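For reference, the chains in residue letters:
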Amino acid sequence: MAPDAILKVQDVRVSFGGIVALDQVSFEVPRGGIAGLIGPNGAGKTTLFNCLSRIYTPNAGSILFDGSELLNQPPHRTATLGIGRTFQNVALFNDLSVRDNIKVGAHSRFPSNILSDTFRIGRAQQNERRIGGLTDEMLDYMGLTGVQDIIVSDLPFGTRKRVEMARALAAEPKLLLLDEPACGLNHEEVEQLGGLIRRVRDERGISILLVEHHMHLVMSLCDSIVALNFGRRIAAGTPEEVRVDPAVVAAYLGASKAS
């Protein structure tokens, strides 16, 4: 694993019955970089994200995260290892407030046990103070202080997206997986999102891997891009290199348009 790579995916294969969703996929995410994962619908992008967040276990291959084999770890350890994730369809607790949703993310940073949590003694008291501090920090950082007590189901979709990112950041990840963060946003919100993602990388030193269909956002934001089609990697490189790659052009426009 290159010393500047926080994530290395090596020859990952995933099949569901007779359907191969990922076929020998390999790529790296540079430490401190913003990497994009693109491809048409059904290319295998979400399947790969589900492997990285340990929802799926590959049939073959290796995933090294921060120098250690991720596939040796149980799924519930993903957040404590330093991997955060958002979802295309916004997976929040809709009946909880903005503040309480963010606290859920912060809780993953601090160990606890049922006895101390029940009676709020010892380490549990310290943890609650730290969780409260982290939550306040994320509310301010993401511009959510004014809506902290509002139930998330009552908020606009774009604001809920920011709440979900705040919850992921509250776990203090080393790597943030963003699953179609621009989906459902208007032009102004997409521009704001791009600035926010850069700020998260630059100010907090978090490496970012995003799946995205919004090509202008991907090309303007990412340092490197990996393209998938039918479960295979068809291109990898800088945005300029991937943009003109014949296989990528063919995948999006069709072979006749690419020739």
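Keep in mind that what you see is a predicted model, and the values were worked out from it rather than measured. (Residues numbered from 1 in each chain as written. Predicted model: local features only at pLDDT ≥ 70, side-chain atom pairs only at ≥ 80, totals over all residues. Heavy atoms only, no water.)

**What to know about a nonpolar patch on the surface**
Together, Phe 93, Leu 96 and Val 104 line one region of the surface with nonpolar side chains, adding up to about 230 Å² of accessible area. Residue classification places Leu 96 among the partly exposed residues on the basis of a relative accessible area of 32%. (Patch = residues over 30% accessible without salt bridge, like charges linked within 9 Å, V, L, I, M, F, W, Y side chains within 5 Å. Areas by Shrake-Rupley, 256 points an atom, 1.4 Å probe, with all protein chains shown as cover. Salt bridge = Lys/Arg side-chain N within 4 Å of Asp/Glu carboxyl O. Buried < 20%, exposed > 50% of the residue type's maximum accessible area, 1.4 Å probe, protein only.)

**What about the sheet that holds strand S1 (residues 5-16)?**
Read across the sheet, four strands follow the order S2-S1-S4-S5 without closing on themselves; strand pairing throughout is antiparallel. Since the sheet does not close on itself, it has two edges, and those belong to strand S2 (19-30) and strand S5 (68-69), each with one partner. As paired strands, S1 and strand S4 (residues 60-65) are joined by five bridges and run antiparallel to one another. Across the sheet, Lys 8 pairs through a bridge with Leu 64, a residue of S4. The sheet strands contacting helix H1 (residues 45-52) are S1, S2 and S4, and the helix crosses S1 at an angle near 115°. (Pairing = 2+ DSSP bridges. Helix = DSSP H or I, 4+ residues; strand = E, 2+ residues; numbered from the N terminus. Contact = heavy atoms within 4.5 Å. Axes fitted to C-alpha atoms, helices over the stretch in contact; angles between N-to-C directions.)

**Re the pattern of salt bridges**
Per the stated rule, a full pass over the model turns up eleven salt bridges. Between Asp 179 and Arg 85 there is a salt bridge, and its shortest N-O distance comes to 3.2 Å. Remark: Arg 85 occurs in strand S6 (residues 83-85) and Asp 179 occurs in strand S7 (residues 175-179); sequence separation between them is 94 residues. Asp 179 sits in the buried class, given a relative accessible area of 3%. Arg 85 gets classed as buried once you look at its relative accessible area, which sits at 12%.

**Regarding the domain arrangement of the protein**
Structurally, the protein comprises domain 1 (1-82 + 173-259) and domain 2 (94-171). The distance between the C-alpha centroids of domain 1 and domain 2 comes to 27 Å. On the domain 2 side, the residues contacting the 20 residues of domain 1 number 14 residues. Buried surface at the junction of domain 1 and domain 2, summed over both partners, amounts to about 1,300 Å²; 62% is from carbon and sulfur atoms. Of all residues in domain 1, Pro 173, Leu 196 and Arg 204 give up the largest surface area on contact with domain 2, accounting jointly for 36% of the area buried on that side. Inspection of the domain 1/domain 2 interface yields one salt bridge. Seen at the junction of domain 1 and domain 2, the total is six residue pairs in polar contact (both at pLDDT 80 or more). Only helix H2 (78-81), S7 and helix H7 (187-204) provide two or more residues apiece to the side of domain 1 that touches domain 2. (Domains from an automatic or database assignment. Buried area = accessible area lost by both parts, 1.4 Å probe. Polar contact = N/O pair within 3.5 Å; in protein donor to acceptor, adjacent residues only side chain to side chain.)

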